[in-house]
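Now for the letters of each chain:
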Amino acid sequence: MPQHVPPTLHDAKPQETHKPLPHPTSRHPRRIVFLSRRDLGNPAAGGSELLVDRLADGLTALGHQVTLLCGGPAAYRDYRVVSAGGDLGHFIKARHAFARQVGDCDLLVEVCNGLPYLTPLWHRGPTLCLVNHVHTELWGMRYPAAAAGLGRRLEHWALSAAQRENLLVAVSPSTASALGALGVHPGRIRVVHNGVEQPPDPTPRSTEPLFVAMGRLVEYKRIDLLLRLWERVRPVTGGKLLIIGDGPERHRLEAMAGPDVIFKGHVSETEKHQLLCAAHLLLHPSAVEGWGLVVTEAATRGTPTIGFDVPGLRDSVADGVTGVLARGESSFAAAWCALALSTERREAMGRAAATRAARYRWSSTVRQFRAVAAEAALSHRRR
């Protein structure tokens, strides 16, 4: 993990290269600012922060001048990072921080993950809205009814009305459909999928049944449901259930965990690779996802996924081919037992998953996003 530094302004380290970087052409916005809740160095960072980091890093390598304006702790990058205050307080300070620390840009990318920055109300330049998933059903999982209702209405209004003249980038067809359900015209939505890194050489599969769940330990990931199902599955399959990740739910989950459950917390990229290679199955009981990046990360290691038939996972899991999408708790447990006991079927799904995952690489994600960025800048000039 990168070293955390106090919330302040960070300029990028000098590029260590002896050949000039390629420069964006006139049709591409040169100075791009991402406005996002967290930097990847934040302990609470997840898939959204990884996506922004890969986009920012890739665009920097193509010659763009990229700045990330975020809240909370930040780390040094090859692009500029500005921390605008606390995790929630920076939403209020974002406009002032942008004017003071950035001043101007050729494209502002608002990353809307629940709470919006409402950039169209205060930024008159080209703007692009990046959406991982719409939080409609998630507000009620974390907040009291009144606060959840207010947050839901604010998010819906921001995406459908405040952004009505801008393009929106969705990370999956599921997210695009959710935006359409809010009233966003399909002609303003562009789908840019997440990517994954080309994995290192594979390491051996575990000789005993090993089941892995990975992600931030928050309510909507539903690890508590997984722990309950484990009590039904374990007597049939044996083996161990490994929980990778951390978050506010960890202490509660550890207290309810039964035998043969191991909480690993944060792991290095090397250890993550080894564990995903060793796993017989990835278990992903989330209530909703934008895409489900860990599904593709596991797939590149030939590890199939069992999840629920919910937005996002419908896109990243080919049901019956690269994994199984369950319609309820009992069918999830049944699929878990069946695949754990059928080596032949499990390995066939793993091979199919690896083949499909080869289509998703970060280099392709950056190229697609760059094309949409150029389209957003051109659309603004025409207006």
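Here, residues in each chain are numbered from 1, in the same order as that chain's written sequence. Per-residue local features are limited, in this predicted model, to residues with pLDDT of at least 70; the limit for side-chain atom pairs, both in listing and counting, is 80 or more; totals at the level of whole chains, interfaces and linings are taken over all residues. Hydrogen atoms and water are omitted, and side-chain values are computed over all heavy atoms in the structure.

1. Some details on the nonpolar core
Moving on, step 1. In terms of nonpolar packing, the biggest core is built from 47 residues, with L226, L241, I243, L283, I306, F332 and W336 touching the most fellow members.
Moving on, step 2. Excluding anything up to four places from it in sequence, F332 contacts L226, L229, L283, H284, P285, I306, G307, F308 and A326.
Moving on, step 3. Within the second largest apolar cluster, 33 residues are counted, among which are V66, V81, V111 and A373. Think of a nonpolar core as a cluster: buried Ala, Val, Leu, Ile, Met, Phe, Trp, Tyr and Cys residues, connected wherever their side-chain atoms sit within 4.5 Å. Categorising residues by exposure relies on relative accessible area from a 1.4 Å probe, with only protein chains included: less than 20% of the type maximum marks a residue as buried, more than 50% marks it as exposed, and the intermediate range marks it as partly exposed. Contacts are assigned to residue pairs with any non-hydrogen atoms lying within 4.5 Å of each other.

2. Some words on helix α5 (residues 173-181)
Moving on, step 1. Here a helix means four or more residues in a row that DSSP labels H or I, a strand means two or more in a row labelled E, and each is numbered from the N terminus. Within the span of α5, buried status applies to S174, T175, A176 and L179.
Moving on, step 2. Where α5 is buried, its residues meet β6 (127-131), α4 (145-162), β7 (167-170), β8 (189-191) and α10 (313-316).
Moving on, step 3. In the segment just after α5, G183 is the residue with positive phi, at about 110°.

3. Brief notes about the pattern of salt bridges
Moving on, step 1. The working definition used for a salt bridge is a side-chain nitrogen of Lys or Arg within 4 Å of a carboxyl oxygen of Asp or Glu. In the structure shown here, the tally under the stated rule is 23 salt bridges.
Moving on, step 2. In this structure, E289 engages K221 in a salt bridge whose closest nitrogen and oxygen atoms are separated by 2.5 Å. Placement of E289 in the loop between β12 (281-284) and α9 (293-299) and of K221 in the loop between β9 (210-214) and α6 (223-237) is noted, with a sequence separation of 68 residues between them. Neither residue differs from the other here; E289 and K221 are each classed as buried.
Moving on, step 3. In this structure, the salt-bridge partner of D246 is R250, at a minimum N-O distance of 3.4 Å.
Moving on, step 4. Here R250 falls in the buried class, since its relative accessible area comes to 18%.

4. Brief notes about the sheet that holds strand β13 (residues 305-308)
Picture the strands of a sheet paired through backbone hydrogen bonds; they go either parallel or antiparallel.
Moving on, step 1. Strand pairing requires that DSSP identify at least two bridges connecting the strands. Strands sit in the order β11-β10-β9-β12-β13-β14 across an open sheet of six strands; the sheet is parallel. With partners counted over all chains shown, the strands left at the sheet margins are β11 (261-265) and β14 (323-326), one partner each. With strand direction ignored, the average angle separating the axes of adjacent strands in the sheet is 20°.
Moving on, step 2. Pairing analysis gives two bridges linking β9 to β12, with the strands arranged parallel. In the sheet register, V212 faces β12, and the bridge partner there is L282. In this description, a line fitted to the C-alpha atoms serves as the axis of each element, helices being fitted only across the stretch in contact, and the angle between N-to-C directions of two axes falls anywhere from 0 to 180 degrees.

5. What to know about the confidence of the model for the protein chain
Moving on, step 1. Confidence of the prediction at every residue is given by pLDDT, a number between 0 and 100. Overall, the prediction assigns the protein chain a mean pLDDT of 89, with 92% of residues at 70 or greater.
Moving on, step 2. A low-confidence stretch, residues 1-22 stays under pLDDT 50, and its non-local contacts, those more than four residues away or across chains, total 44 contacts.

6. Some remarks on the pairing of β9
Moving on, step 1. Within β9, five of the five residues are buried, which leaves it mostly tucked inside the rest of the structure.
Moving on, step 2. In β9, alternate side chains face the same way, and those of L210, V212 and M214 on one face and F211 and A213 on the other are all buried.
Moving on, step 3. Examined bridge by bridge, β9 and strand β10 (residues 240-244) share five bridges and lie parallel to one another. Looking across to β10, one finds that F211 is bridged to L241.

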